[in-house]
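As a plain string of letters, each chain reads:
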Amino acid sequence: MARTRLAAASLAAVASLVALAACSSGGGTTTGTGADSAGTPVAGGTLNMLGAGDVDYMDPNISYYSVGYTNLRMWSRQLFTYPADPNGKNTTPVADLATEIPTQANGGISADGKTYTIKIRPGAQWNTSPARPVTAADMVLGVKRTANPVQPFGGIPDFADLIVGYQAFADGFAKAPKTVAGIKAYIEKTPLPGVEAKDANTVVFHLTHPATYFVDMLTLTAFSPAPVESLNYLPGSTELGNHFPSDGPYKVDSWVPTKSITYSRNPAWKADSDPVRKAYVDKIVVNETVTQDSVQQQLETGTPTADMEWDVAPPPSQLPALQAKKDPNLNIGDTSSSNPYVVYNTASPNNNKAMANPKVRQAISYAINRDHILQVNGGKTLSPPLTHVLPDVILGSKQFDPYPYNPDKAKQLLAEAGFPNLKLKFLYRNATEGSSKTFQTVQQDLSKAGITVEGVPSPNADFYVKYLQVPDVAKRGVWDLSLAGWGADWYGNAALSFFNPLFSGEASFPPVGSNFGLYNDPETNSLIKQAVSATTDQQAADLWAKADARVMDQAAFYPITNPKQANYHAAQVHNAVYVPSMQNFDPTNVWISKDKQGG
């Protein structure tokens, strides 16, 4: 997202499906105090969040979007998660539903590194009638649901070949009827040998090879438990979103897609069973119909009905002033992401299939001026340039810039390829300042190389689910260029979470992957498979670096920045701790001044 995984980054949520836009080294830097935890926490009140977009799916086993992760933080728990740690340790996983982090020393990891045995924390419950415990069987069901044929999880390439039997399970599931009854029958009748409920409180994962990153991988919301009630609805449906039982501190009372979400306390939640969420506020209300500028204005005004952002960030044009006055409510955090980047639709039939030609894509890359895009989106301080696939903190990242701005070179390559007068369609989200400005800038730059660009504006809520995640839309030539964003699904040894979902050929095509441009190159695919099987970090780093070089040589996409993430909250909000995986402050740990607890 994540990744789709999507984000409201400092480029104002340009096009973000950031699975997990990670923090590069810690909790992120702050302008002002950022996470004001002064004073005694006050319980109660309503947290009002304002934004212009929606979750991707109100379904924990499918959501692959930073805004979706913010939503799920309130009512869905995972075995492990990233904490809201004001000291910056929020890129190290902690036990959530699990009782502890598994190690070989505590018996959680087998000697060969291929078996993980995890105990579920006592006291975690579903808000069913009556309430009942979260079990290992629920974990098995949750993992099975990721492969459903209606809307599979977008990050499946991360683990399809890692969990024993998952690929075969998913292949069979793809052929099952896309009905409630068909999905339920397949799940109940088909075993998944790599995920086992040893007893009610013990889940065992069997891997095909050791994976030192597996605990980090299990922080993905895709690995959330699912109750049997989830089988009564189609995965990812609005109906399910309004009826999915909660095991977190809040429950979803109402979800009106693209309009609003209302949460209230989950009576089945026990504070002593949850080491991650304090849940100070009684109610959370999300208004998804507010413009980016209006959100910022209301938050700065400090009215009781405007507390935090939802799927927006401060407008880039306003960030310099906020930084200059050292506004204590502004936070600037690291992301370890590539957000945004320009997607090249390699399957487009337009211009006699010109986008399938690497030389044409190389020409477009030479014709885009990265500095111009960064300039209109807050400058290089907030948006440092990224010229290749992997951000600098990811294993295998090497600095190189294969496409320095050169419109003359672009013209030469277009002429050699036989496409001197391209006319391209650019899909973008017109409700955010950063997205619109990026489109306009690219349009102007490409015109200097003789390329005509026509805009295809999209509402935020439609951008992924109706366009990028639907391969037939790309194959019909509805768009040639677009914007997306991506971040590491975990941290450090995480190159896998960039290459498998984005560049691994048909295995990463939507909806099971996020290879929106349908890029498919045998050499890239081979390098990815070799890197995944590497036996040492150095070997893996070398192979990921080669894969990065190959993707850039083929001009599969055009990277722009590994951005900083800007977030803003109202003055009445305290303990607003930035969590990189959500690209936002953690709403389950904030508290509101007693006199500003608006309804």
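Residues numbered from 1 in each chain as written. Predicted model: local features only at pLDDT ≥ 70, side-chain atom pairs only at ≥ 80, totals over all residues. Heavy atoms only, no water.

Attention shifts here to the environment of L79. For L79, the location among the structural elements is in the loop between helix 1 (66-75) and strand 2 (80-81). Exposure remark for L79: the relative accessible area of 0% places this residue in the buried category. Placed 136 residues apart in sequence, L79 and V215 show a C-alpha to C-alpha distance of 8.8 Å. (Helix = DSSP H or I, 4+ residues; strand = E, 2+ residues; numbered from the N terminus. Buried < 20%, exposed > 50% of the residue type's maximum accessible area, 1.4 Å probe, protein only.)

Looking now at the sheet that holds strand 10 (residues 260-265). Backbone hydrogen bonds hold the strands of a sheet together, and the pairing may be parallel or antiparallel. Reading across from one edge, 9-10-11-1-12 is the order of the five strands in this open sheet, with mixed pairing throughout. Pairing within the sheet leaves two strands with one partner each, and these edge strands are strand 9 (250-256) and strand 12 (308-310). Strand after strand, the sheet turns through a mean of 20° between neighbouring axes, direction not considered. Direction of pairing for strand 9 relative to strand 10: antiparallel, over a ladder of six bridges. Directly across from W255, in strand 10, lies its bridge partner I261. Contacts from helix 7 (residues 292-301) reach strand 1 (46-51) and strand 12, with the element oriented near 165° to strand 12. (Pairing = 2+ DSSP bridges. Axes fitted to C-alpha atoms, helices over the stretch in contact; angles between N-to-C directions. Contact = heavy atoms within 4.5 Å.)

This brings us to the pattern of salt bridges. Between side chains of opposite charge, a pair can form as their charged atoms come close. As enumerated under the stated definition, the model contains 20 salt bridges in all. The shortest N-O distance in the salt bridge between D462 and K466 comes to 3.6 Å. With a gap of four residues between them, D462 and K466 both fall in helix 14 (residues 460-468), about one helical turn apart. The salt bridge involving R550 is made with D521; its shortest N-O contact spans 2.9 Å. Of this pair, R550 sits in helix 18 (residues 537-553) while D521 sits in the loop between helix 16 (496-503) and helix 17 (522-532), placing them 29 residues apart in sequence. In the salt-bridge network here, residues are joined through shared partners; they are R77, D96, D274 and R277. (Salt bridge = Lys/Arg side-chain N within 4 Å of Asp/Glu carboxyl O.)

Before going further, it helps to examine the packing of helix 3 (residues 166-173) against helix 4 (residues 180-189). Close contact between helix 3 and helix 4 brings their axes to 11 Å; oriented N to C, the two are set at 150°. As judged from the angle between their axes, helix 3 and helix 4 are roughly antiparallel. For the crossing formed where helix 3 meets helix 4, the hand is right-handed. Here A168, F169, G172 and F173 of helix 3 lie close against helix 4, whose contacting residues are I183, Y186 and I187. (Parallel < 35°, antiparallel > 145°, perpendicular 65-115°, else oblique. Left-handed = near helix turned anticlockwise from the far one by under 90°.)

Turning our attention to the nonpolar core. Formed by 173 residues in total, the largest nonpolar core has its most connected members in L79, F205 and F499. In terms of residue count, the dominant contributor to this core is helix 18 (six residues). (Core = buried A, V, L, I, M, F, W, Y, C linked by side-chain atoms within 4.5 Å.)

Turning next to the sheet that holds strand 7 (residues 195-199). The three strands lie next to each other as 4-8-7, forming an open sheet whose pairing is antiparallel. If you trace the sheet from one side to the other, it starts and ends with strand 4 (115-119) and strand 7, each paired once. Strand-to-strand twist of the sheet, defined as the mean angle between neighbouring strand axes without regard to direction, takes the value 25°. As paired strands, strand 4 and strand 8 (residues 202-206) are joined by five bridges and run antiparallel to one another. Bridging across to strand 8, Y116 finds its partner in F205. Against the sheet, helix 2 (residues 136-145) makes contact with strand 7 and strand 8, and its axis sits at roughly 170° relative to strand 7, the strand it touches most.

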